[in-house]
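As a plain string of letters, each chain reads:
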Amino acid sequence: MSIVSYSESGWDTQEERWDDWEDDEMNAEMKCLFCAHTAQNPSVLFEHVKQTHGFDFAKTRRQLQLDFYQSMRVVNYIRTMGLNEPGFGTTAAFEVDGTEAFLNDDQYLKPAMEDDALLYALDELDLDDGDGSDHEKEPVATTALTSESDLAARVRALEQQLAQQTCETQAVVEEFGEYRQMVRRQFYEGLDDAAATTTTADAGQTEVCSSDYYFNSYAGNDIHMQMLQDRVRTEGYRDFMYNSADVLRGKVILDVGCGTGILSMFAARAGAARVIAVDNSDIIEKARANVIENGLDGVITLVRGRIEDLELPVDHVDVIVSEWMGYFLLFEAMLDSVLVARDRFLAPGGLLAPSASYVYLTAISDAVYMRERVNYWDDVYGFRMSAMKPPVSDGVREADVDVVPPETVAATRALLTAIDHGTATAASLDFASDFAIEATRDAQLHALLGYFDVAFSRTQDAPGPGDAQLAASVYGGTGDSTHAVPEPASLWHHPESPMAGFTTGPHGEATHWKQTIFVLDEPIDARCGDMIRGRFVCHKSRTNPRELDLEISYCHVAAADKEAVVAGTAPLPAMKQQKYQLQ
């Protein structure tokens, strides 16, 4: 379910950061509190509010001596009421007398409207209007100064006036900074309880990253269009549900993170008796409209909120469907929420879709990628531009996300982890795995490559293929655990396949998840049959549990030494270690 800025060509969206938001809002149109009218200047906008709707914001703030936060609450309260009660403030003049509970209610510190430029502009009003008092500022004397003492007195007065205004400006800046921090904390209350549990021991030492406005990032249309246009993803879910209509018919189904409602509508069309669609993003309002437009509101019930906190209109469900996967499967940590939903609501013998997932590691030889993406800044028309390279902090590289041409794969694959969604726990999603892959041709290996597959079983008792089955070509394997590149097969649709599923590997059709690239500090000059042996560690970031910290230890074993090393009769070469972040 992951769409985050990683130079994603046709799949891009940008992660909103506060500094970017501030720059954009300086020139953004500000929407009226009560109607669709907009203006770029806050004073002009509030004059419109006063003349058209009878609410004098400046006078109210001045008379009630509303502080910065109370002013924010007034704006967000009016916007919230307008969203919940169409016509609010248009049929009767809105007034504030200072006794209203919302003036001290912190829920109204969270913006009610996405990208509300007016909130940022409130500090401009403070700067433009000073303290808002009715008296006029003392005019600067324009008469000739007749003595040196008069001039000195005027200079001192102006210096004092400047110092006072500087203090007022700084106070406004600090107030807005505090407000931003408070909103950040509001957003981060959406992080999973289960994910937070894994980092409790370090909570006092670290601060949650403020850039992960997770639920807000799924409120817009573009991100959902990108996911829906991913045929492997969307058709994989659709085909499983339509082909399993006999399993789903008459069942109660829970859709966790329903987005546009597409999976819920697939389930309804497949014969579900009832579908409960849950999402904590604004997109759920559009999902509700989509459900009604398609005449499925008699089957699908939409509920807004975090699955960790909600009480559903039923005690148990028979099936949980969710598209929770992120880059490298576990980025965004949404599986944690699905596991909470399973433990709270799934009836005994219930089914999860997908039912199992698998993370793989291989290696690639891609001189073009290295030249155009990794080493580009080493030679830009004959000039070195090292300062333009992504920083490597404390030896930690940023893992890259991109579509890798299948012909660049130069090694067998290793299964890093297999997850049974029916039995997994949040803690078990952090994993460490030994791996061994073999070069399938003579090549310089530039990077290790990660990707994942998911399985859709008709019963959670057999959630996915076993180890022996995974080697078959139907699951993207080779039939041979040591050599050859898997045959292209994005969807597990072959007649001999006992279950459905799909791959995000380079041997399949490209998906919006792409593959995850772990560039090596030093390429490995491998010959066919050489082995890369090591250990892969993956865990949630301590600073932001939706991100991943990864560590790879590895060594290069020549084909001639491989048998002895595996048998333990020859020493293992010295391990190299690299650390990565996926954020």
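All of these numbers come straight from a predicted model, not from anything done at the bench. (Residues numbered from 1 in each chain as written. Predicted model: local features only at pLDDT ≥ 70, side-chain atom pairs only at ≥ 80, totals over all residues. Heavy atoms only, no water.)

Let's shift gears to the overall build of the protein chain. The helix and strand tally for the protein chain stands at 16 helices and 18 strands. Within the protein chain, buried positions represent 51% of all 583 residues. For the protein chain, long-range pairs separated by at least 24 residues make up 76% of all intrachain contacts whose partners lie at least 6 apart in sequence. Accessible surface, the protein chain: about 27,600 Å² in total, of which carbon and sulfur atoms supply 49%. (Helix = DSSP H or I, 4+ residues; strand = E, 2+ residues; numbered from the N terminus. Buried < 20%, exposed > 50% of the residue type's maximum accessible area, 1.4 Å probe, protein only. Contact = heavy atoms within 4.5 Å. Areas by Shrake-Rupley, 256 points an atom, 1.4 Å probe, with all protein chains shown as cover.)

Turning our eyes to something else, we now look at the pairing of strand S7 (residues 346–353). Each regular strand carries side chains that alternate between the two faces of the sheet. Of all eight residues making up S7, six are buried, and the element is well covered by its neighbours. Sheet topology places strand S6 (residues 317–321) next to S7; four bridges connect them, and they run parallel. Note on S7: the bridge partner recorded for valine 319 is leucine 351. Following the backbone out of S6, through helix H13 (residues 334–345) and into the adjacent parallel S7, one traces a crossover that is right-handed. (Pairing = 2+ DSSP bridges. Right-handed = clockwise from strand over helix to strand, strands pointing away.)

Membership of the largest hydrophobic core comes to 93 residues, with the highest contact counts inside it found for Met241, Leu254, Phe328, Phe435, Phe518 and Phe536. The residues that make up this core include at least three from each of domain 2 (221–323) and domain 3 (356–582). The residues touching phenylalanine 518, leaving out its near neighbours within four places in the chain, are Phe328, Leu361, Ala399, Ala447, Leu448, Gly450, Phe536, Leu550, Ile552 and Tyr580. Val49, Phe57, Val75 and Leu118 belong to the second-largest nonpolar core, a separate cluster that totals 32 residues. (Core = buried A, V, L, I, M, F, W, Y, C linked by side-chain atoms within 4.5 Å. Domains from an automatic or database assignment.)

What follows concerns the sheet that holds strand S4 (residues 274–279). The strand order across the open sheet formed by five strands is S5-S4-S3-S6-S7, and the pairing between neighbours is parallel. Only two strands of the sheet have a single partner each, and these edge strands are strand S5 (300–304) and S7. Sheet twist, expressed as the mean angle between neighbouring strand axes with direction ignored, is 20°. Pairing of S4 with S5, which is carried by five bridges, proceeds in the parallel orientation. Bridge pairing in S5 places aspartate 279 opposite arginine 304. Packed on one face of the sheet, helix H12 (residues 283–293) meets S4 and S5 and runs near 170° to S5. (Axes fitted to C-alpha atoms, helices over the stretch in contact; angles between N-to-C directions.)

Right, let's get into helix H3 (residues 57–64). Those residues of H3 that sit buried are Phe57, Thr60 and Arg61. Buried residues of H3, viewed axially, fall in a sector of 95°; they line one side. Where H3 begins, the capping side chain belongs to aspartate 56, and its oxygen is found 3.4 Å from the backbone nitrogen of alanine 58. (Arc of directions from axis to C-beta. Polar contact = N/O pair within 3.5 Å; in protein donor to acceptor, adjacent residues only side chain to side chain.)

So, on to the packing of helix H9 (residues 231–243) against helix H11 (residues 262–269). At a closest axis distance of 9 Å, the pairing of H9 and H11 adopts a crossing angle of 20°. Relative to H11, the element H9 is oriented roughly parallel. Both H9 and H11 take part in a crossing whose hand is right-handed. Counted together, Thr234, Tyr237, Arg238, Met241 and Tyr242 of H9 and Leu263, Phe266, Ala267 and Arg269 of H11 form the full contact between these two elements. Here the contact of H9 with H11 is composed, by residue class, of six nonpolar, one polar and two charged. (Parallel < 35°, antiparallel > 145°, perpendicular 65-115°, else oblique. Left-handed = near helix turned anticlockwise from the far one by under 90°. Nonpolar A, V, L, I, M, F, W, Y, C, P; charged D, E, K, R; others polar.)

Moving on, we get to the pattern of salt bridges. Taken as a whole and judged by the stated rule, the model has 25 salt bridges. As a salt-bridge pair, arginine 397 and aspartate 521 come within 2.9 Å of each other at their nearest N and O atoms. In this pair, arginine 397 is assigned in strand S9 (residues 396–398) and aspartate 521 in strand S15 (residues 515–526), connecting sequence segments 124 residues apart. (Salt bridge = Lys/Arg side-chain N within 4 Å of Asp/Glu carboxyl O.)

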